[in-house]
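A structural walkthrough
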Amino acid sequence: QVPLVESGGGSVEAGGSLRLSCATSGNIFGINVMGWYRQVAGKQRELVASIAPGGRTNAANSVKGRFTISRDNAENTMYLQMNSLKPEDTAVYFCYLYGKVTRDSPWSDYWGQGTQVTVFS
């Protein structure tokens with residue numbers, strides 16, 4: 001298991017900004033894709049943005065132009081800069097990575113525990 005530690009959630013007024021961070025707290029041999037998902041109670045978890053090892057990014061249409069995903073491969077850390085936040089961005093945000101713990105272990109999905117983001121108008 002690879003513990004993922006998220007930070008940076010909180011409450012902010014509409015139009016404001018937050019920056020989420022996700023760090024691996026244990027040793028990990030390799031990381032492929034990293035990403036952020038979000039989930040509202042009673043709804044399916046949805047992709048917010050993802051980033052490949054080389055830096056290529058993908059983002060949901062609802063956040064394009066407002067959210068920026070980035071990663072530090074040397075530190076195995078990922079960030080989500082969220083600007084111009086809207087009430088509909090309110091959700092629990094989860095960190096995700098596709099990686100392997102050792103050279104011989106399989107590639108697997110790993111998730112953080114989630115951090116609450118609340119945007120009020």
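Conventions adopted
Residues numbered from 1 in each chain as written. Predicted model: local features only at pLDDT ≥ 70, side-chain atom pairs only at ≥ 80, totals over all residues. Heavy atoms only, no water. Salt bridge = Lys/Arg side-chain N within 4 Å of Asp/Glu carboxyl O. Helix = DSSP H or I, 4+ residues; strand = E, 2+ residues; numbered from the N terminus. Buried < 20%, exposed > 50% of the residue type's maximum accessible area, 1.4 Å probe, protein only. Polar contact = N/O pair within 3.5 Å; in protein donor to acceptor, adjacent residues only side chain to side chain. Contact = heavy atoms within 4.5 Å. Pairing = 2+ DSSP bridges.

1. Section: the pattern of salt bridges
For the coordinates displayed, the defined rule picks out 3 salt bridges. A salt bridge links R38 to D89, with the shortest nitrogen-to-oxygen separation between them at 3.0 Å. Linking R38 in strand β4 (residues 30-39) with D89 in the loop between β8 (77-82) and β9 (91-100), this pair joins segments that are 51 residues apart in sequence. The exposure class assigned to R38 is buried, which follows from its relative accessible area of 7%. The exposure class of D89 is buried, given its relative accessible area of 1%. For R66, the salt bridge is made with D89, and the minimal N-O distance between the two is 2.7 Å. Placement of the pair is R66 in the loop between β6 (57-59) and β7 (67-72) and D89 in the loop between β8 and β9, with a sequence separation of 23 residues. For R66, a relative accessible area of 11% translates into the label buried.

2. Re the side chain of R38
Within polar-contact distance, the side chain of R38 engages the side chain of E46 at 2.7 Å. In this structure the side chain of R38 is engaged in a polar contact, spanning 3.0 Å, whose partner is the side chain of D89. Those residues within four positions of R38 in sequence are excluded, and the remaining contacts are Q44, R45, E46, V48, S62, V63, F67, E88, D89, A91, V92 and Y93.

3. Considering the pairing of β9
Looking along a regular strand, one sees side chains alternate from face to face of the sheet. Burial within β9 is extensive, with 8 of its 10 residues counted as buried. In the sheet, β4 pairs with β9 via 8 bridges, with the strands oriented antiparallel. Residue pairing in the sheet places I31 in a bridge with G99 of β9. In terms of strand pairing, β9 meets strand β11 (residues 115-120) through 3 bridges, oriented antiparallel.

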